[in-house]
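Below are the chains, spelled out letter by letter.
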Amino acid sequence: MDACLSVQKEVDKVLGKFEGIKTHSARTLEELIDSLNNIKHELSAADHHTELNRVHQLILGSAQNRTKDILTRVSNEHKDIHSSVSKIGKVIDKNFTSELIQLNSEQTFESPDRMRLLNEVICEHFLRQGMLDIAENLTEEAGLDMLDSAKEPFIEINQILEALKRKDLGPAMAWAARHREQLQAQNSSLEFKLHRLRFIELISHGSAKQQEALAFAKSFSRFAQGHAKELQVLMGSLLFIRQGLEHTPYSHLLDPIQWDDICDVFTQDACALLGLSVESPLTVSISAGCVALPALLNIRQVMQQRQCQVVWTAKDELPIEVDLGENHRYHSIFACPILRQQTSETNPPVRLSCGHAISRDSLNKLTNGNKIKCPYCPVESSPADSKQLYL
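A quick note: this is a predicted structure, and the numbers were derived from the prediction, not measured. (Residues numbered from 1 in each chain as written. Predicted model: local features only at pLDDT ≥ 70, side-chain atom pairs only at ≥ 80, totals over all residues. Heavy atoms only, no water.)

A. Representation of the sheet that holds strand β5 (residues 387-388) within the structure. The strand order β2-β1-β5 describes an open sheet built from 3 strands, whose pairing is antiparallel. Taken across any chain shown, the strands that pair with only one partner, and hence form the sheet edges, are β2 (357-359) and β5. Where strand β1 (residues 349-351) meets β5, 2 bridges bridge the pair, whose relative direction is antiparallel. By the bridge assignment, Arg351 is partnered in β5 with Lys387. (Pairing = 2+ DSSP bridges. Helix = DSSP H or I, 4+ residues; strand = E, 2+ residues; numbered from the N terminus.)

In structure tokens, the structure reads:
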């Protein structure tokens, strides 16, 4: 991000300079043209048989010299702009590294198995996005063994999402009815939200579909136990069906954001039934890599300067901790405050009797006989009293 801001700052300078020169040049040339037109008008007013006197010759000479000076100045300003533009390229080269493959110490995608896995991830991403033609071409060119049965769920999901974007609830309601048992097993509210949205769609048409809305309301009976309050709101909205809900306490039912929410809920539940993550693994990898890349470039430069590159290749881990932000936190993480290492199954976090938490390796190193003194408070306790934490 800092690199982008540096480049943007240089671009803004050039654009500001360009705008200033453009305004100045336009004003200067306009004044020159007016001056030349005035001279032309004076010469045209003179008698055609009269020779130019000394005054006219001085005026023409002065206008000629002034024109040359202005054109030279405009040309120099143009050259100055050219040099400023060329500096942007240097700033880009300075702030961005073109050979990013150097961050990897081994040929990650050199083996056929790894290339096949990468192609499968890319192919799955295109299937998730509904780009079936691209996915099929990639499958054929990469020699992937992907059955049609593996593609069908993605095709169906994308067709239903397209229908929801057109505010067509039919395909989604039919899909939810076919997978009712699986959705109930994972405590999904998708089917209720689809019926709720369909009911709102009916009452938004006013009294023209009043009978149809009342008949459809009977389908809410199986949702009464888990959605009692929401059903009360829906039934209360029937009182205003003739006058419309736009200017009533139930106007929030018409909020268009509900169509976006139903798309998100459907995507989450459909991916859960297929055993897939909600977001594409390729999208997550690229977004996480973009966040981590500046930190990795900085640490690589420091390690090259201090000639300690072996630290990066000695272990199967990064030499620094990279915070990817809230959007890329998928499980609880505990780093030992003593050893500065992330805990694992072989080195889990433990809770001392005083309530402070450290790693088991730290516990073993701080134990002196049958006692351990907490590194954060004066309490001493027995190592046997510590309890393993499960995050």
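Moving on, there is more to tell.
B. View of the nonpolar core. Leu164, Leu194, Phe199, Phe220 and Phe266 are the most contacted members of the largest nonpolar core, which has 36 residues in total. Of all elements in the fold, only α5 (148-165), α6 (170-178), α8 (190-203), α9 (210-217), α10 (228-237) and α11 (257-274) reach the threshold of two or more residues within this core. By residue number, the principal contributor to this core is α8, which donates 8 residues. Apart from residues no more than four positions distant in its own chain, Phe199 is found in contact with Ala213, Phe216, Ala217, Phe220, Leu234, Met235, Ser237 and Leu238. Counting 8 residues, the second largest nonpolar core, distinct from the first, contains Cys336, Leu352, Ile358 and Cys377. (Core = buried A, V, L, I, M, F, W, Y, C linked by side-chain atoms within 4.5 Å. Buried < 20%, exposed > 50% of the residue type's maximum accessible area, 1.4 Å probe, protein only. Contact = heavy atoms within 4.5 Å.)

C. View of helix α4 (residues 132-142). Residues of α4 that are buried: Ala135, Leu138 and Thr139. The buried residues of α4 occupy one face: seen down the axis, they fall within an arc of 100°. Exposed residues pointing more than 90 degrees away from the buried face of α4 are listed as Asp133, Glu140 and Glu141. In this structure, the buried side of α4 is in contact with α3 (112-128). At the C-terminal side of α4, Gly143 shows a positive phi close to 70°. (Arc of directions from axis to C-beta.)

D. Seen up close, the side chain of Asn119. Along the chain, the position of Asn119 falls in helix α3. A relative accessible area of 15% places Asn119 in the buried class. In this view, Asn119 contacts Leu138, Ala142 and Leu144; residues no more than four positions away in its chain are not counted.

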